[in-house]
Amino acid sequence: SNPNSLVRRILYTVLSGSLPDECVGDAFYVLSGALNTPDEDIRALSVIGLSELGVEPISLIPHFTGAINDSSAYVRRRAARALGELGSCAVDALP
């Protein structure tokens, strides 16, 4: 299966609220790994998916702060927005 297709399917499942709880860990693994793909759209979608997964905010901060340094302005904006949505727990993580 195409990794980009997998990220898109996970994102759809997360956004539709139909991701089973037992799959959250696997989704986190796939989406965080996809932050390193050459495709900027997939990196941005991964940020969106991670922000909607419902995992502990502290586990997201390193991924979002890394994405703030992405070569793509689109990915950087998504990461900044995602960090902002984490609220006070992300204040120390902001550059």
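The structure we're discussing is the one just above.
These lines cover the structure that appears in this document, whether it is placed above or below. (Residues numbered from 1 in each chain as written. Predicted model: local features only at pLDDT ≥ 70, side-chain atom pairs only at ≥ 80, totals over all residues. Heavy atoms only, no water.)

1. Thoughts on helix 4 (residues 57–67)
Part 1 of the reasoning: Among the residues of helix 4, those classed as buried are Leu60, Ile61, Phe64 and Ala67. Across the axial projection of helix 4, the buried residues extend over an arc of 135°, all falling on one side. Facing away from the buried surface of helix 4 by more than 90 degrees, the exposed residues are Ile58 and Pro62. (Buried < 20%, exposed > 50% of the residue type's maximum accessible area, 1.4 Å probe, protein only. Helix = DSSP H or I, 4+ residues; strand = E, 2+ residues; numbered from the N terminus. Arc of directions from axis to C-beta.)

2. Regarding the packing of helix 4 against helix 5 (residues 73–86)
Part 1 of the reasoning: One can describe the packing of helix 4 onto helix 5 by two numbers: an axis separation of 9 Å at closest approach and a directional angle of 155°. Put simply, helix 4 runs roughly antiparallel to helix 5. Of the two possible hands of crossing, helix 4 and helix 5 adopt the one that is left-handed. For the pair formed by helix 4 and helix 5, the contact residues are Pro57, Leu60, Ile61, Phe64, Thr65 and Ala67 on the first element and Val75, Arg76, Ala79, Ala82, Leu83 and Leu86 on the second.
Part 2 of the reasoning: When the residues that make up the contact of helix 4 with helix 5 are grouped by side-chain class, the tally is 10 nonpolar, one polar and one charged. (Axes fitted to C-alpha atoms, helices over the stretch in contact; angles between N-to-C directions. Parallel < 35°, antiparallel > 145°, perpendicular 65-115°, else oblique. Left-handed = near helix turned anticlockwise from the far one by under 90°. Contact = heavy atoms within 4.5 Å. Nonpolar A, V, L, I, M, F, W, Y, C, P; charged D, E, K, R; others polar.)

3. Topic: the pattern of salt bridges
Part 1 of the reasoning: Per the counting criterion, the structure on display carries one salt bridge.
Part 2 of the reasoning: Residues Arg43 and Asp70 are paired through a salt bridge, measuring 2.7 Å at the closest nitrogen-oxygen approach. With a gap of 27 residues between them, Arg43 in helix 3 (residues 40–52) and Asp70 in the loop between helix 4 and helix 5 connect regions that are remote in the sequence. Asp70 shares its class with Arg43; the two are buried. (Salt bridge = Lys/Arg side-chain N within 4 Å of Asp/Glu carboxyl O.)

4. What about the side chain of Asp70?
Part 1 of the reasoning: Judged by its relative accessible area of 13%, Asp70 falls in the buried class.
Part 2 of the reasoning: Setting aside chain neighbours within four positions, we find Asp70 in contact with Arg43, Val75 and Arg76.

5. Concerning the nonpolar core
Part 1 of the reasoning: If you look at the biggest cluster of nonpolar residues, it comprises 28 residues, and the most contacted ones within it are Val47, Leu50, Leu53, Leu60 and Phe64.
Part 2 of the reasoning: Contributing elements (two or more residues each) for this core: helix 1 (3–15), helix 2 (24–33), helix 3, helix 4 and helix 5.
Part 3 of the reasoning: Ranked by residue count, the leading element in this core is helix 3, at six residues.
Part 4 of the reasoning: In this structure, Leu60 is in contact with Phe28, Leu50, Val55 and Leu86, ignoring residues within four places of it in sequence. (Core = buried A, V, L, I, M, F, W, Y, C linked by side-chain atoms within 4.5 Å.)

Geometry only, nothing functional implied.
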